[in-house]
Amino acid sequence: MVSGDPSAVGDLQGFFHIRILIGLVTGLSVTRILTGLARFVQHPDQSRVYLPHLVWAGFLLLYVFHFWWAEFGLLAVTRWQFEDFLFIIFYAALIFVTAALLFPDQLMGHSGYEAYFTSRRVWFYGLLLAILIVDLADTRFKGVAHFQSLGWPYAVRQILLMALAVAGLMTRRPGAHLGFAGAAFLVEIWWIFTRYRFLE
């Protein structure tokens, strides 16, 4: 990025300005998931639990927290331009849309979350795959040094999660989806404790 570009802003100024809006969008995702989970307690008869859906919701909540923590790496970006800002907000918005898909305002036309999740399976796994692809670009955006510092564990994490998303697109078996969700949750926990226990 050219330092004389009037559309660019300095590193700390850009980082803190953009982090505020990322926090707002991320907060909406967290609110959506937690509100959805609270419905199972508030209205147990109206909102029957479907285990694969519930585990995927737990995974996405963990992913949102991890996303917010990992975005501290944006501090390494030395210059910000408007298209960079749009890209990061797009990433955060993509996560929110996925959260909203998991927990719609109403379950009209569906007997419960099992029927709903099954009917939205392709959308959910498609969005998950998109999130993982955008995550690759986001990681590279933070700089070559940052990307290389993640090493082979990052590659393993991305490959495994993408494989689970593709597998989810290809099968309808409920037991398989529970396995996919559980595996994704464990992969994300492994990755967080491998790399992101401390801010760097």
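Residues numbered from 1 in each chain as written. Predicted model: local features only at pLDDT ≥ 70, side-chain atom pairs only at ≥ 80, totals over all residues. Heavy atoms only, no water.

### A word on the overall build of the protein chain
Put simply, the test is: The secondary structure listing takes helices from DSSP runs of H or I that are at least 4 residues long and strands from runs of E that are at least 2 residues long, numbered from the N terminus. Residue contacts are counted whenever heavy atoms from the two residues lie within 4.5 Å of one another. Using a 1.4 Å probe, the Shrake-Rupley method yields the accessible areas, and only the shown protein chains count as cover for residues.
The number of helices and strands found in the protein chain is 8 helices and 2 strands. The order of α-helices and β-strands along the protein chain, N terminus first, is β-α-α-β-α-α-α-α-α-α. Residue pairs in contact within the protein chain that sit at least 24 positions apart in sequence constitute 81% of those at least 6 positions apart. Summing over all exposed atoms, the protein chain offers an accessible surface of approximately 10,300 Å²; the carbon and sulfur share of this is 70%.

### So, empty space enclosed by the protein
One simple way to see leftover space: roll a probe sized like a water molecule over the atoms. Here is the rule we go by: Cavity: a set of points on a 1 Å grid over the protein atoms alone where a 1.4 Å probe fits but cannot get out. Pocket: an open set with protein on both sides within 12 Å along at least five of seven lines, its lining residues, like those of a cavity, having an atom within 4 Å of a point. Grid points are joined across faces, edges and corners, and a volume is the space filled by probe spheres set on the points. Polarity classes work like this: nonpolar for Ala, Val, Leu, Ile, Met, Phe, Trp, Tyr, Cys and Pro, charged for Asp, Glu, Lys and Arg, and polar for all others, with Gly in that last group.
By the definition in use, this model includes 2 cavities of 30 Å³ or more. Every residue along the wall of the second largest cavity is listed here: Tyr50, Phe117, Thr118, Arg121, Arg172 and His177. For the lining of the second largest cavity, a count of residues per class yields 2 nonpolar, 2 polar and 2 charged.

### Points about the environment of Gly112
Note that Gly112 resides in the loop between α3 (82-102) and α4 (113-119). Sequence separation between Gly112 and Ser47 is 65 residues; the distance between their C-alpha atoms is 6.2 Å. Not counting chain neighbours up to four residues away, the residues in contact with Gly112 comprise Arg48 and Leu107.

### Concerning the packing of helix α2 (residues 51-70) against helix α8 (residues 174-195)
Where we set the bar: Axis definition: a line fit to C-alpha positions, over the contact stretch in the case of helices; interaxial angles, taken between N-to-C directions, run 0 to 180 degrees. Here is the rule for angles: anything less than 35 degrees is roughly parallel, anything more than 145 is roughly antiparallel, 65 through 115 is roughly perpendicular, and the remaining ranges are oblique. In this scheme the crossing of two helices becomes right-handed for a clockwise turn of the near helix relative to the far one and left-handed for an anticlockwise turn of less than a right angle.
Direction vectors running N to C along α2 and α8 enclose 20 degrees, while the axes themselves pass 8 Å from each other. Classified by the interaxial angle, the pair formed by α2 and α8 is roughly parallel. Here the hand of the crossing between α2 and α8 comes out left-handed. Here Leu51, Pro52, Val55, Trp56, Gly58, Phe59, Leu62, Tyr63 and His66 of α2 lie close against α8, whose contacting residues are Pro174, His177, Leu178, Phe180, Ala181, Gly182, Ala184, Phe185, Glu188, Ile189, Trp191 and Ile192. Looking at the contact of α2 with α8 residue by residue, the class counts come to 16 nonpolar, 4 polar and 1 charged.

### A short note on the nonpolar core
As a reminder, the rule being used: What we call a nonpolar core is a set of buried Ala, Val, Leu, Ile, Met, Phe, Trp, Tyr and Cys residues that are connected through their side-chain atoms within 4.5 Å. The cut-offs for exposure are 20% and 50% of the maximum accessible area for each residue type, with area from a 1.4 Å probe on protein chains only; residues under the lower value are buried, those over the upper are exposed, and the others partly exposed.
Grouped together as the largest cluster of nonpolar side chains are 49 residues, with contacts concentrated most on Trp56, Ile95, Phe124 and Leu128. Within the residue set of this core, elements represented by two or more residues are α1 (11-42), α2, α3, α4, α5 (121-141), α7 (151-170) and α8. Residue contributions to this core peak at 10 residues, all from α3. Apart from residues lying up to four places away in sequence, Trp56 is in contact with Leu102, Phe117, Phe124, Tyr125, Leu128, His177, Phe180, Ala181 and Ala184.

### Quick look at the pattern of salt bridges
Stated precisely, the cut-off is as follows: One side-chain nitrogen of Lys or Arg within 4 Å of one carboxyl oxygen of Asp or Glu is enough to make a salt bridge.
Enumeration over the complete set of coordinates arrives at 3 salt bridges. The partner of Arg157 in a salt bridge is Asp135, with the nearest N and O atoms 3.2 Å apart. One end of the pair, Arg157, is in helix α7; the other, Asp135, is in helix α5, with 22 residues separating them in the sequence. For Asp135, a relative accessible area of 8% gives the class buried. Here the salt bridges do not stand alone but share partners, grouping Asp135, Arg157 and Glu188 into one network.

### Regarding the confidence of the model for the protein chain
Here is the rule: The pLDDT value expresses, per residue, how confident the predictor is, ranging between 0 and 100.
The share of residues in the protein chain with pLDDT of 70 or more is 86%, and the mean pLDDT across the chain is 84. Across the protein chain, the element-wise mean pLDDT spans from 48 in strand β1 (residues 9-10) up to 93 in α7. Per-residue pLDDT stays below 50 along residues 1-9; that stretch engages in 20 contacts with residues further than four places along the chain or on separate chains.

### So, the packing of aromatic side chains
Let me state the cut-off plainly: A pair of aromatic rings is counted whenever rings of Phe, Tyr or Trp (Trp by its six-membered ring) have centres within 6.5 Å, and the orientation is called stacked for planes under 30 degrees apart, edge-to-face for over 60 and tilted otherwise.
Counted according to the given criterion, the structure contains 15 aromatic pairs. By way of ring pairs, the aromatic residues Tyr50, Trp56, Phe59, Tyr63, Phe117, Phe124 and Tyr125 are connected into one cluster.

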